[in-house]
Amino acid sequence: MNRNQLDEILNQPLSQELLARDLARLAFTALDGTPRAIPIGITWNGEQIVMCTAKNARKLPMLRRNPAVALTIDTESHPPKVLLLRGTAELDEVDGIPDEYMQWNGTYEMSPEQRTEWEAGVRALYDGMVRIVVTPTWAKLIDFETTLPTAIEELMARQRG
């Protein structure tokens, strides 16, 4: 997918709405060659998806070995809205807590007291984290109204004729 096609998809209002969500599913290949998909908190900085994890997270050796990843960001309502992304994970170990980690957690509903307690717990637990940064190289937006999964588009085209 070329950059213009990618930008056209990522700049659509629905894509921007989905990229503003807190949670995605990250898919990658495990060390034994089998697939893994996990929920993970995300932040979109306008060019990249940023995820943060513990320095000892089990996914890190897998991502170092094979950094090719896919992400799904979707809604829970019907019809679902889905943004599919692919890219390469870059790992950036940092001291302290990355700003992105505090940002994406900042949109959860917490009282001010809960937020203060949560932040203190985070700062006490982590001496550093690893930022997983993915620059999308491919994207598909599915809204089940104007855009559909490719297989469904193909079936409908065959049915028409």
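As the structure is a computational prediction, the values presented were derived from the model and not from experiment.

1. Some remarks on the environment of leucine 14
Next, step 1: On the secondary structure map, leucine 14 appears in helix 2 (residues 13–19).
Next, step 2: Along the chain, leucine 14 and leucine 141 lie 127 residues apart, while their C-alpha atoms are 8.2 Å from each other.
Next, step 3: Not counting chain neighbours up to four residues away, the residues in contact with leucine 14 comprise Lys81, Leu141 and Asp143.

2. Some thoughts on the packing of aromatic side chains
Next, step 1: Counted by the stated rule, this structure contains 2 aromatic pairs.
Next, step 2: Considering the side-chain rings of tyrosine 101 and tryptophan 118, the 6.0 Å spacing of their centres and the 20° angle between planes classify their relative orientation as stacked. With tyrosine 101 in helix 4 (residues 99–105) and tryptophan 118 in helix 5 (residues 112–125), this pair connects stretches of sequence that are 17 residues apart.
Next, step 3: A relative accessible area of 11% means that tyrosine 101 is categorised as buried.
Next, step 4: Judged by its relative accessible area of 21%, tryptophan 118 falls in the partly exposed class.

3. Looking at the pairing of strand 4 (residues 49–54)
Next, step 1: Within strand 4, 6 of the 6 residues are buried, leaving the element largely enclosed by the surrounding structure.
Next, step 2: With 2 bridges joining them, strand 3 (residues 43–44) and strand 4 adopt antiparallel strand pairing. What sits directly across from tryptophan 44, in strand 4, is isoleucine 49.
Next, step 3: Hairpin connection, strand 3 to strand 4: the antiparallel pair is bridged by 4 residues, and glycine 46 has positive phi, about 100°.
Next, step 4: Where strand 4 meets strand 7 (residues 128–142), 6 bridges bridge the pair, whose relative direction is antiparallel. By the bridge assignment, methionine 51 is partnered in strand 7 with isoleucine 132.

Quick notes on the rules
Residues numbered from 1 in each chain as written. Predicted model: local features only at pLDDT ≥ 70, side-chain atom pairs only at ≥ 80, totals over all residues. Heavy atoms only, no water. Helix = DSSP H or I, 4+ residues; strand = E, 2+ residues; numbered from the N terminus. Contact = heavy atoms within 4.5 Å. Phe/Tyr/Trp six-rings, centres within 6.5 Å; stacked < 30°, edge-to-face > 60°. Buried < 20%, exposed > 50% of the residue type's maximum accessible area, 1.4 Å probe, protein only. Pairing = 2+ DSSP bridges.

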